[in-house]
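# Per-entry structural report
Residues per chain, in single letters:
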Amino acid sequence: MSGAAAGMGEGVTGRLSRRGRWLSFLTKLGVFVMLMLLWHAVTVTEIVSPFFLPQPGAVMTVFWRILSSGRAWPDVSVTFFEFAVAGPLAVVTGIFGGYLISMTRYSTIVLEPVVSSLYAIPIIIFYPISIMALGIGPESKIAHGALFGFFPICLNTIQGFSGVDAIYLRMARSTGATKAQLLRRILIPAAAPTILNGVRLGLMLCFLAIIGGETIASLEGLGHRIVWYAEGMQMTNMFAYIVFVILIAAVMNICLSLLELRRRGA
Amino acid sequence: MGTPDGTHEHLVRVEDVSHRFPAPEGGKDVLALDAVNMEIKHGEMVSFIGPSGCGKSTLLNVIGGMISPTSGAALVNGQAVSGPLPKQIAYIFQESALLPWASVLDNIKVGLEFQGVLKEERESVASAALRAVGLEAFATSYPHQLSGGMKQRVALARALSLRTDILLMDEPFAALDEQTRMIFGEDLSRLLASERKTIILVTHSLAEAVLLSDRIFVFTSRPGRIKAVLTIDEPHPRTPAFMTSQRFSALRNELYDLLRDEVLAAIGKDRQGLS
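Because the structure is predicted, anything quoted here is derived from the model rather than measured. (Residues numbered from 1 in each chain as written. Chains lettered and ligands numbered in written order. Predicted model: local features only at pLDDT ≥ 70, side-chain atom pairs only at ≥ 80, totals over all residues.)

## Brief notes about the overall build of chain B
This is how it is decided: Helical segments are the DSSP runs of H or I of at least four residues, strand segments are the runs of E of at least two, and each set is numbered from the N terminus. Throughout, radius of gyration means the C-alpha value; the globule benchmark is 2.2 Å times the number of residues raised to the power 0.38.
Scanning chain B from terminus to terminus reveals eight helices and 10 strands. Here chain B has a C-alpha radius of gyration of 19 Å; the compact-globule value for 275 residues is 19 Å, and the two agree. Taking the principal axes of its C-alpha atoms as reference, chain B extends roughly 55 × 50 × 45 Å.

## A short note on the overall build of chain A
Test applied: Working definition of a contact: two residues with C-beta atoms, positioned from the backbone, lying within 7 Å.
In terms of regular secondary structure, chain A is built from 10 helices and zero strands. Each helix and strand of chain A, ordered N terminal to C terminal, gives the series α-α-α-α-α-α-α-α-α-α. Considering only C-alpha atoms, chain A reaches an extent of 70 × 55 × 30 Å along its principal axes. Relative to all contacts within chain A whose residues are 6 or more apart in sequence, the contacts with residues 24 or more apart total 75%.

## Observations regarding the sheet that holds strand S3 (residues 45-49) of chain B
Residues and elements named next belong to chain B. Test applied: Should DSSP find at least two bridges between two strands, the strands are regarded as paired. Axes here mean lines fitted to C-alpha atoms, for a helix over just the part in contact, with angles spanning 0 to 180 degrees between N-to-C directions.
With mixed pairing, six strands are arranged side by side in an open sheet as S6-S7-S8-S3-S9-S10. Two strands lie at the open edges of the sheet, namely strand S6 (89-92) and strand S10 (226-231), each paired on one side alone. The sheet shows a mean angle of 15 degrees between the axes of neighbouring strands, taken without regard to direction. Judged from the four bridges that link them, S6 and strand S7 (residues 166-170) form a sheet pairing that is parallel. In the strand pairing of S7, Ile92 is matched with Met169.

## A look at the domain arrangement of chain B
Residues and elements named next belong to chain B. Note the cut-off: Segmentation of the chain into domains, including their bounds, is taken from an automatic or database domain assignment. Only Asp, Glu, Lys and Arg are considered charged, only Ala, Val, Leu, Ile, Met, Phe, Trp, Tyr, Cys and Pro nonpolar, and every remaining residue, Gly among them, polar.
Each assigned domain of chain B is listed here: domain 1 (1-88 + 164-262) and domain 2 (98-163). Computed over C-alpha atoms only, the centres of domain 1 and domain 2 are separated by 25 Å. Per-element accounting of the side of domain 1 that touches domain 2 gives the leading share, four residues, to helix H5 (residues 178-195). Class assignment of the residues belonging to the side of domain 1 that touches domain 2 gives a composition of seven nonpolar, two polar and two charged.

## Things to note about the packing of helix H2 (residues 104-115) of chain B against helix H4 (residues 148-161) of chain B
Any two packed helices are characterised by how steeply their axes cross, that is the angle between the axes, and by the distance between the axes. All names here are of chain B. Our working definition: Each crossing gets its handedness from the near helix: less than a right angle anticlockwise from the far helix is left-handed, clockwise is right-handed.
Between H2 and H4, the least distance of the axes is 9 Å, while the angle of their chain directions is 30 degrees. Once H2 is placed against H4, the crossing between them reads as right-handed. Listed contacts from H4 to Val104, Asn107, Ile108, Gly111 and Leu112 of H2 are Val154, Ala157, Arg158 and Ser161. The residue inventory of the contact of H2 with H4, partitioned by class, reads five nonpolar, three polar and one charged.

## Section: the pairing of S7 of chain B
Residue and element names in this part refer to chain B. What counts, and what does not: Exposure classes come from backbone-placed C-beta atoms, where a residue is buried if 20 or more other C-beta atoms lie within 10 Å of its own, exposed if 12 or fewer do, and partly exposed in between.
A large share of S7 lies buried, amounting to five of its five residues. Side-chain alternation along S7 places Ile166, Leu168 and Asp170 on one buried face and Leu167 and Met169 on a second face that is also buried. Bridge count between S7 and strand S8 (residues 198-203): five bridges; the pairing is parallel. Considered in S8, the bridge of Leu168 is made with Ile200.

## Description of the nonpolar core
Our working rule: One nonpolar core equals one set of buried Ala, Val, Leu, Ile, Met, Phe, Trp, Tyr and Cys residues connected by C-beta atoms within 7 Å.
Grouped together as the largest cluster of nonpolar side chains are 122 residues, with contacts concentrated most on Cys206 of chain A together with Ile63 of chain B. Looking at which element gives the most residues to this core, the answer is helix H8 (residues 179-216) of chain A, with 14 residues. With sequence-adjacent residues up to four places away left out, Ile63 of chain B is seen in contact with Val12, Val14, Ala74, Val81, Leu168 and Ile200 of chain B.

Here you go:
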């Protein structure tokens, strides 16, 4: 008798008391401060040459300057535009594709391994082709960002929908649920945590692919600017732009985590 | 054969029901039920008891319209069952089947929504059902905050809220510890005495069968046939006094004698199957 734990996505982990949440926040802040201090220490003592790694204070000064002067805006807006197109494209195609595949048991068994094996290919090897086909502008970055993001979202959607406990389906069937009611009341809420996890991972990969694509071949965008400064040996400027990318990734991560918490009905 | 008020004397009839399951790996099909017949009256409380794999749950699902039998038919109110009958039949499953993302009250309301009850009525019907099982204080709780026994009471409330004539229970106590299940059994007996529902209970527990049933259908080992029908002539609600009486023990022993050979046969068969 496999009794009690039929609950899915009940993830109570990460649910802390008020005091626990404070401690957890302070710990995270502590780790961040330690890293900054370490950075400062190795640069001040010149263990690492300031030529490769400028002091954090200098980087922050430059960061503030490019932020307040608006000098970063052209590159930021290009990267943002690429992500704003590629991200939603990956989410919509991934969820829709995953839903279609999960609709029958047969297509799930046959096609899920196909999608998984495609996911295992290092997609970056196709980047030269998309440069040739779509050019060096934003189109090739959008294509790659969307492709990178598609796979984890599609796979998690398949897993989410096909993993719904049969007992809920029996309950719904015996009480006369229509197809639409089944989808809205049982399948979507049961699959949502798994799908959201995929969306989170997919959007991260999408952003990574866009920045990566810009560093390889581009004329604009944050990734391009970082490589450009690196090639010009302007390390402080380069690090200021790296801070930009890290901040964007962090903000994105926080937004997606909040979304997941809300879904869980915390 | 109708009664004067137009209803059928027997609410549930099972006519020559046989059912085969396809063998999992190309072997021989498994005959789970072999030409079973029975009649269950309005307001009657019956149990199906028998060794594992005797087809008692299969028969329950045939009556509930969740499985169509290989041959024969189940009839509810004189109509052959061809699919789920949400207006007439409610289920309680082995696991509570509560949705973990919905509150206790919403879990009851979702059943009403599926059944087609109007939105305005759902809240009051669901609250009343929750009151009936004594859990109104937990309306806004979530399933993971409840004990196993409480979850099963919510599942009972959901089934009661559907206001069906028939309640099918598929080992509803299986996941509960013994003390909890006996208390739940007493509560059930009291509730059902006031609700006048027709109930079919699939169980492994001799004590539960004797405590709750008007009649007990004893199944043979596979393929499932009815070996004997035991009548428990004791009014509902049944009290703790009945449970400790000599008659209770005598009935329980009688049931055990009927079952023992079948259980031995079922175990023996499985052993052969292994070698």
